[in-house]
Amino acid sequence: MLRSSASIRRSVRTSIAAVLVALVVAGCGGAYAQAIARGDKFAASGMWDEAAAAYEQAQKIDPEDGEAGIKLKQARKKQADERLAKGKSLIARGEIASGLAAILDAVKLDPDSTAAQAALADANAEAVREAEELLEKGEGRKAFELTTLVLQGSPRDPRAKRLDGRIRDELAEASYTRAADFEKRGKLGNALVELAACLEYRPDYRDARLRVGGVKLALEQELVFYVVLERFADTTTPHDLAQVLSVDLLSQSFDPKIPLRVVDKLPPGKASPRGVRLSGTFEGYRFAHDKDRVSRSCDYQCGIDRVPNPNYESTERRVAQEERELIDHEKKADEYQKEVDRYQKDVDYHQKDVDRYTSEVDKYRAELDKCQDAKKPGDSSSSCSSEESRLRSAQSSLDSARSRQSSPKSYLESARRKLDDAHEDVRRSREDLSRVKQELAGMNRINEVPRMCPHNYTSTVHTLAAEVTVRMTAEQLQDKTKLLDNQPFPYNTGAKDETFDAQPGRCSEVSGGDPLTLPSEKEVKIQLVTQAIRGVREKVMTSYDRHRQRFLADARREESSGLAEEAVEAYVRYLLSGPKSIDPKDQKQIGEFLARTKGFGKIDTLPGL
């Protein structure tokens, strides 16, 4: 039996999907197997860290497969054994912190190991004992590192908690005392770091947080970078550009997080201020407003035209075609119906012979059965031979009649199948004809089409252009060094817009007109001054960045000279004079230096204290 094309397509799609699924599964299985194999290879060599990493990768590839989980657990037990042995060895050599850290790793890798838990308890006791001795020797920071490590793995250890509290109190008190001393000596950077360390040990220690505010305020006052903006001259007419460039407007262009102040004069009594003095002149101002008339055109609807609908004629032709196809299908159906009727007559004709011979067979079989029932013991076997002969003859005739009927039956079945197909074609053809007739019924024979006409009009293009040159002079406040000496900086701006009157009844885009939207000359001047302010800001920030980088250079020089307190002062000033992000290398180096010298290396928290 032939399969339909739809069935074949479904089978092909199913086969392709099955192949894709198989490929995906095979790919995952391959990666999983490779990861397991790598882990087994590392495990065989005793490389348990590498083996655990490979088994963990396999587990991520296929979380449902239990093999990776089992092998990962075994590898971690081996890792824990190695860490445990290393930790005990380090503690035996007196390297308590390193040994405790290794044992903590062992407990994390194998939490169920009683040996690791016992070793951790012993290491904690040894670390607390060592911390107590260090505290007695005045080495509180080292003691604090030990108790912190103990509490990291055993946060409820009572002895470690008590000792940690004592250490925090002593370290906080020492930092607070040193901060007070530094503050008296005017070393505010050192005082701020010491107070930060104090708050790290005890966040609520006495009035440390209040003192941080006072120290930071004093530091910020020292760090202020002044921009003295002298009144700019103005040779333009009218003389109003310089009036826009004000202290308030320039101040708004700077990040408020940096210690920079724009003033018209220095505060009284300010000795050796850091910053720059700016002065300058606006000159060469030019403003132009040009107009050009240009011709434009557009199309608008000026009427309606009635034209034949081309789709109507094509649909009429489709209706006629569908009607012809329906007639053809109906004719074929009639022909097949005649074939069915003809073959049905043949079958019926032969069926009469089949029925007659069937009746004879039944009759002669009954006579044979009666004869055999009447036979007496001793009768010969041929006593019913005539009945048997008649039955065989009738059966032979029946078989011949059935054979003669088989061909007409086959022809009849074929004709009926053709008739069914023809009826289906007639049904589809009638549906197609009905659909096309509905389309035709919904169409207009004549369409109304908008008539478009051209419309010409005139538009006016307005162009604004303005320019000015700012001559700028800048000098450092401390040493009067000239940064800019009457240097010219040109600025320009402009705008363009098109306008035309409303023209009702024409194109939609011109019916309402286009009003002129151009900035006024005053607004254009503000744009020029805004550009000038950005230029001034750029020059100021260049000077400010050089000023800030000097703190970093000074700090590194003092650090290399072994002058830790002076280096801390410069580093803190560099950090507080932000807000630019610090290079990661510089951040790491400064943090390590402060941690080494002050016991506090979290430099990112200093600005927010």
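Residues numbered from 1 in each chain as written. Predicted model: local features only at pLDDT ≥ 70, side-chain atom pairs only at ≥ 80, totals over all residues. Heavy atoms only, no water.

Enquirer: Is there a simple way to think about the overall build of the protein chain in this case?
Expert: Scanning the protein chain from N- to C-terminus turns up 17 helices and 6 strands. Reported as C-alpha extents along the three principal axes, the dimensions of the protein chain are approximately 155 × 95 × 40 Å. Within the span of the protein chain, comprising 609 residues, buried residues form 36% of the whole. The contacts of the protein chain with a sequence gap of at least 6 include a subset with a gap of at least 24, amounting to 72%. When the accessible area of the protein chain is evaluated, it comes to approximately 35,900 Å², of which 50% is carbon and sulfur surface. The protein chain carries 100 positive and 102 negative side-chain charges, and their two centres are separated by 1 Å. (Helix = DSSP H or I, 4+ residues; strand = E, 2+ residues; numbered from the N terminus. Buried < 20%, exposed > 50% of the residue type's maximum accessible area, 1.4 Å probe, protein only. Contact = heavy atoms within 4.5 Å. Areas by Shrake-Rupley, 256 points an atom, 1.4 Å probe, with all protein chains shown as cover. Lys, Arg positive; Asp, Glu negative; His and termini not counted. Charge placed at Lys NZ, Arg CZ, Asp CG, Glu CD.)

Enquirer: What's the story with the pattern of salt bridges in this structure? I'm lost.
Expert: Any two side chains of opposite charge can pair if their charged atoms end up close together. Enumeration according to the criterion identifies 49 salt bridges in this entry. Of the charged contacts in the structure, one is a salt bridge between glutamate 139 and lysine 142, with a shortest N-O distance of 3.4 Å. Accessibility expressed as a relative area gives 30% for glutamate 139, which makes it partly exposed. Overlapping salt bridges, with partners in common, bring together Asp181, Arg185, Lys187, Glu565 and Glu566 in one network. (Salt bridge = Lys/Arg side-chain N within 4 Å of Asp/Glu carboxyl O.)

Enquirer: For this particular structure, what's the right way to read the packing of helix H12 (residues 310-374) against helix H13 (residues 385-441)?
Expert: For any two helices packed against each other, the geometry comes down to the angle between their axes and how far apart the axes lie. Axis separation between H12 and H13 bottoms out at 5 Å; the angle between their running directions is 165°. With respect to H13, the element H12 is oriented roughly antiparallel. Every pair of crossing elements has a handedness; the one defined by H12 and H13 is left-handed. A class-by-class count of the residues in the contact of H12 with H13 yields 28 nonpolar, 13 polar and 26 charged. (Axes fitted to C-alpha atoms, helices over the stretch in contact; angles between N-to-C directions. Parallel < 35°, antiparallel > 145°, perpendicular 65-115°, else oblique. Left-handed = near helix turned anticlockwise from the far one by under 90°. Nonpolar A, V, L, I, M, F, W, Y, C, P; charged D, E, K, R; others polar.)

Enquirer: Explanation requested: the packing of aromatic side chains in the structure shown.
Expert: The geometry of two aromatic rings is summed up by the distance between their centres and the angle between their planes. Under the definition given, this model contains 7 aromatic pairs. On the basis of an interplanar angle of 85° and a centroid distance of 5.2 Å, the ring pair of phenylalanine 225 and tyrosine 544 is categorised as edge-to-face. Residue phenylalanine 225 is found in strand S1 (residues 225-229), and its partner tyrosine 544 is found in helix H15 (residues 521-560); the two are separated by 319 residues along the sequence. As far as burial versus exposure is concerned, phenylalanine 225 and tyrosine 544 are alike and both buried. Note on phenylalanine 232 and phenylalanine 282: the rings are 6.0 Å apart at their centroids and 50° apart in plane angle, and the pair reads as tilted. On the criterion of sequence distance, the pair formed by phenylalanine 232 in the loop between S1 and strand S2 (233-234) and phenylalanine 282 in strand S4 (residues 274-308) is long-range, its members being 50 residues apart. Like phenylalanine 282, phenylalanine 232 is buried. (Phe/Tyr/Trp six-rings, centres within 6.5 Å; stacked < 30°, edge-to-face > 60°.)

Enquirer: Sorry, what's going on with helix H8 (residues 188-201) here?
Expert: Since one α-helical turn is 3.6 residues long, residues separated by three or four positions face the same way. In this model, H8 (14 residues) spans 20 Å end to end at C-alpha, consistent with the 20 Å of a helix rising 1.5 Å per residue. Buried residues dominate H8, accounting for 13 of its 14 residues. (Expected span 1.5 Å × (residues − 1).)

Enquirer: For this particular structure, what's the right way to read the confidence of the model for the protein chain?
Expert: Keep in mind that low pLDDT regions are not for reading the predicted coordinates in detail. Per-residue confidence for the protein chain gives a mean pLDDT of 89; residues scoring 70 or more make up 94%. The least confident element of the protein chain, judged by mean pLDDT, is helix H1 (residues 5-44) at 62; the most confident is helix H7 (residues 158-184) at 96. Contacts from residues 1-28, a stretch scored under 50 in pLDDT, to residues over four places away or in other chains number 3 contacts. (pLDDT = per-residue confidence, 0-100.)

Enquirer: What exactly am I supposed to notice about the layout of surface pockets here?
Expert: To find leftover empty space, a probe the size of one water molecule is rolled over the atoms. In this structure, the largest pocket encloses a volume near 450 Å³. Together, 23 residues line the largest pocket, and Leu575, Leu576, Gly578, Pro579 and Pro607 are the ones closest to its centre. Mapped onto the lining of the largest pocket, the elements with two or more residues apiece are helix H9 (208-223) and helix H16 (564-576). In terms of residue count, H9 provides more of the lining of the largest pocket than any other element does, 4 residues in total. (1 Å grid on protein atoms, 1.4 Å probe; cavity = no way out; pocket = protein on both sides within 12 Å on 5 of 7 lines; lining within 4 Å. Points joined across faces, edges and corners; volume = space filled by probe spheres on them.)

Enquirer: I'm lost on the side chain of threonine 499 in this one. Help?
Expert: Checked against the element boundaries, threonine 499 lands in strand S6 (residues 482-499). Of note is the side chain of threonine 499, whose polar atom sits 2.5 Å from the backbone oxygen of aspartate 514. Beyond its immediate stretch of four places on either side in the chain, threonine 499 contacts Ser459, Thr460, His462, Asp514, Pro515 and Leu516. (Polar contact = N/O pair within 3.5 Å; in protein donor to acceptor, adjacent residues only side chain to side chain.)

Enquirer: It is not clear to me how unusual backbone geometry should be interpreted in this structure. Could you clarify?
Expert: A negative phi angle is the norm for most residues apart from glycine, just as the trans form is the norm for most peptide bonds. Positive phi values are uncommon outside glycine, yet lysine 480 reaches one of about 65°. Looking at the element boundaries, lysine 480 is found in the loop between strand S5 (446-476) and S6. If you check the backbone angles, asparagine 486 has positive phi at about 55° while not being a glycine. Counting through the fold element by element, asparagine 486 comes out in strand S6.

Enquirer: How do you make sense of the state of the cysteines when you look at a structure like this?
Expert: In protein structure, a disulfide is the covalent linkage between the sulfur atoms of two cysteines. Evaluation of the coordinates by the stated rule reveals 3 disulfides. Each sulfur of the disulfide joining cysteine 298 and cysteine 507 lies 1.9 Å from the other. One disulfide, between cysteine 298 and cysteine 507, carries an S-S torsion of 90° and so falls in the right-handed class. Placement of cysteine 298 in strand S4 and of cysteine 507 in the loop between S6 and helix H14 (508-511) is noted, with a sequence separation of 209 residues between them. Judged by its relative accessible area of 8%, cysteine 298 is buried. Residue classification places cysteine 507 among the buried positions, given a relative accessible area of 1%. Disulfide pairing is shown between cysteine 302 and cysteine 453; the S-S distance is 1.7 Å. (Disulfide = S-S within 2.5 Å.)

Enquirer: Honestly, the packing of H15 against H16 in this entry has me stumped. Any pointers?
Expert: Viewed as axis vectors pointing N to C, H15 and H16 meet at an angle of 155°, and their least axial separation amounts to 8 Å. When the axes of H15 and H16 are compared, the pair comes out roughly antiparallel. Every pair of crossing elements has a handedness; the one defined by H15 and H16 is left-handed. Along the contact surface, H15 presents Arg548, Gln549, Phe551, Leu552, Asp554, Ala555, Arg556, Glu558 and Glu559, while H16 presents Glu566, Ala567, Ala570, Tyr571, Arg573, Tyr574 and Leu575.

Enquirer: It is not clear to me how the nonpolar core should be interpreted in this structure. Could you clarify?
Expert: Side chains of a nonpolar character, in soluble globular proteins, are inclined to be buried together. One finds Leu100, Leu192 and Ile590 to be the most contacted residues of the largest nonpolar core, which totals 66 residues. Among the elements that make up this core, the one with the highest residue count is H8 (10 residues). Setting aside its immediate chain neighbours within four residues, leucine 100 contacts Ile91, Leu120, Ala123, Asn124, Ala127, Leu149 and Val150. By size, the runner-up hydrophobic cluster in this structure holds 34 residues, among which are Val227, Leu229, Tyr491 and Val529. (Core = buried A, V, L, I, M, F, W, Y, C linked by side-chain atoms within 4.5 Å.)

Enquirer: For this particular structure, what's the right way to read helix H3 (residues 66-92)?
Expert: The end-to-end C-alpha separation of H3 is 39 Å, in line with the 39 Å expected for 27 residues at 1.5 Å each. Listed in full, the buried residues belonging to H3 are Ala68, Lys71, Leu72, Ala75, Gln79, Ala80, Arg83, Leu84, Gly87, Leu90 and Ile91. At the C-terminal side of H3, glycine 94 shows a positive phi close to 90°.

Enquirer: Explain the environment of tyrosine 343 to me, please; I cannot follow it from the model alone.
Expert: Here tyrosine 343 lies in helix H12. Judged by relative accessible area, tyrosine 343 falls into the buried class, the value being 18%. Counting along the chain gives 67 residues from tyrosine 343 to serine 410, while the straight-line C-alpha distance between them is 9.0 Å. In this view, tyrosine 343 contacts Pro408, Tyr411, Leu412 and Ala415; residues no more than four positions away in its chain are not counted.

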